[in-house]
Amino acid sequence: MTFLRLATAVVGVLFLASCQAPSLPGMGRGGSTYGDRAGPQGFRTVVIDAGHGGKDSGARARGLTEKTYALDIAKRVRAELSGYRVIMVRSDDRFIELDDRVRIASRSGDAVLVSIHLNYGRSYRAGPETYWWRVDSYGLARRLHQNMNAVCPHESGNAGFVRRRLRLTRNPTIPCVLVECGYLTNSRDASSLASSAYRERMAEAIARAIKTQSASGDSGMGPLPRPIYAPPSKASDARG
Ligand SMILES: [Zn+2]
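If you check an unreviewed UniProt entry, the protein appears there as N-acetylmuramoyl-L-alanine amidase from Brevifollis gellanilyticus. In UniProt, the protein has this text filed under Catalytic activity (unreviewed entry): "Hydrolyzes the link between N-acetylmuramoyl residues and L-amino acid residues in certain cell-wall glycopeptides."

Asks: Hey, could you run me through the sheet that holds strand β4 (residues 85-88) in this one?
Replies: Strand pairing in a sheet relies on backbone hydrogen bonds, with the paired strands running either antiparallel or parallel. Strand order across the open sheet formed by 6 strands is β4-β1-β5-β8-β6-β7, with mixed pairing between neighbours. Looking along the sheet, the strands with just one partner apiece sit at the ends: β4 and β7 (161-163). For this sheet, the mean angle separating the axes of adjacent strands, direction not counted, is 20°. For strand β5 (residues 111-119) and strand β8 (residues 176-183), the ladder comprises 6 bridges, and the chain directions are parallel. Counted as the bridge partner of S115 is L178 from β8. Lying on the sheet, helix α3 (residues 98-106) is in contact with β1 (45-50), β4, β5 and β8; it crosses β1 at an angle near 170°.

Asks: Would you mind going over the nonpolar core with me for this structure?
Replies: For soluble globular proteins, the rule of thumb is that nonpolar side chains tend to be buried together. Residues I48, V114, V177 and I206 are the most contacted members of the largest nonpolar core, which totals 55 residues. Not counting residues within four places of it along the chain, the set of residues in contact with V114 comprises V46, I48, D49, L144, V177, V179, I206 and I210.

Asks: Explanation requested: helix α4 (residues 135-151) in the structure shown.
Replies: Note on helix geometry: an α-helix contains 3.6 residues per turn, so any two residues three or four positions apart are oriented the same way. The end-to-end C-alpha distance of α4 is 25 Å, a good match for the 24 Å that 17 residues give at a rise of 1.5 Å each. With 14 of 17 residues buried, α4 is to be regarded as a mostly interior element.

Asks: What's the story with the packing of α4 against helix α7 (residues 196-216) in this structure? I'm lost.
Replies: The packing of two helices is summarised by the inter-axis angle and the distance between the axes. The contact between α4 and α7 brings their axes to 8 Å, and the two run at 150°. When the axes of α4 and α7 are compared, the pair comes out roughly antiparallel. Here α4 runs over α7; the crossing is right-handed. In this structure, α4 uses G139, L140, R143, L144, N147, M148, A150 and V151 to contact α7, whose residues at the interface are R201, M202, A205, I206, R208, A209, T212 and Q213.

Asks: Would you mind going over the environment of A190 with me for this structure?
Replies: Along the polypeptide, A190 turns up in helix α6 (residues 187-193). The spatial distance from the C-alpha of A190 to the C-alpha of L64 is 7.6 Å, given a sequence separation of 126 residues. A190 has contacts with A61, R62, L64 and L184, leaving out every residue within four places of it along the chain.

The rules we used
Residues numbered from 1 in each chain as written. Predicted model: local features only at pLDDT ≥ 70, side-chain atom pairs only at ≥ 80, totals over all residues. UniProt positions renumbered as here; feature names shortened; annotations may be inferred. Pairing = 2+ DSSP bridges. Helix = DSSP H or I, 4+ residues; strand = E, 2+ residues; numbered from the N terminus. Axes fitted to C-alpha atoms, helices over the stretch in contact; angles between N-to-C directions. Contact = placed C-beta atoms within 7 Å. Core = buried A, V, L, I, M, F, W, Y, C linked by C-beta atoms within 7 Å. Buried ≥ 20, exposed ≤ 12 C-beta atoms within 10 Å, placed from the backbone. Expected span 1.5 Å × (residues − 1). Parallel < 35°, antiparallel > 145°, perpendicular 65-115°, else oblique. Left-handed = near helix turned anticlockwise from the far one by under 90°.

Spelled out as structure tokens, the structure:
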């Protein structure tokens, strides 16, 4: 560890100590500004965020509209999470600002957030992508990516598993992951996503990842990445 890195870590710890109550690493209790701790285990609350809504349709391609399919998959995930307290950021076709989605997540207690989207890009790009930023979200993100890839193995030219600072991967005070369940612009992904049986399998995959994280924490996820002490994401650098 270089002096600079050590100094950065010490400053980070002092800053954290000054502005929040102490929390047990890995237990997921209480909020965490930076998420610089192990992933949660034993949580019973899940915040499901169906991307876009209302005046914001999200991506539109091949006759499919992102906001509609995101909500459909979100509702299927909710149905798969019996025994959990599920908070739906939206359960109908309404517009909600990203910062309001962050607030809903942050006041949900000992919970995790999964934001569900469909992707848009060049027609050859295909397959799921998973976006995360915080250390406490890494295990859940990997589980989500693995489970979605098992449903959709035909990846092509996509970003895959990405550490990116977005409003919904950095700003909530709970572990948070954004998933893109496939490309509406790809003929194969689009025809899969048009099928309710496929969306059900994708929802089962997302729910399975959440349940495994709650049961096992970060067990089997290997070494955790280093925390990055970056400021909250703003509209100017956000996506999603
Ligand atoms: Zn989206």
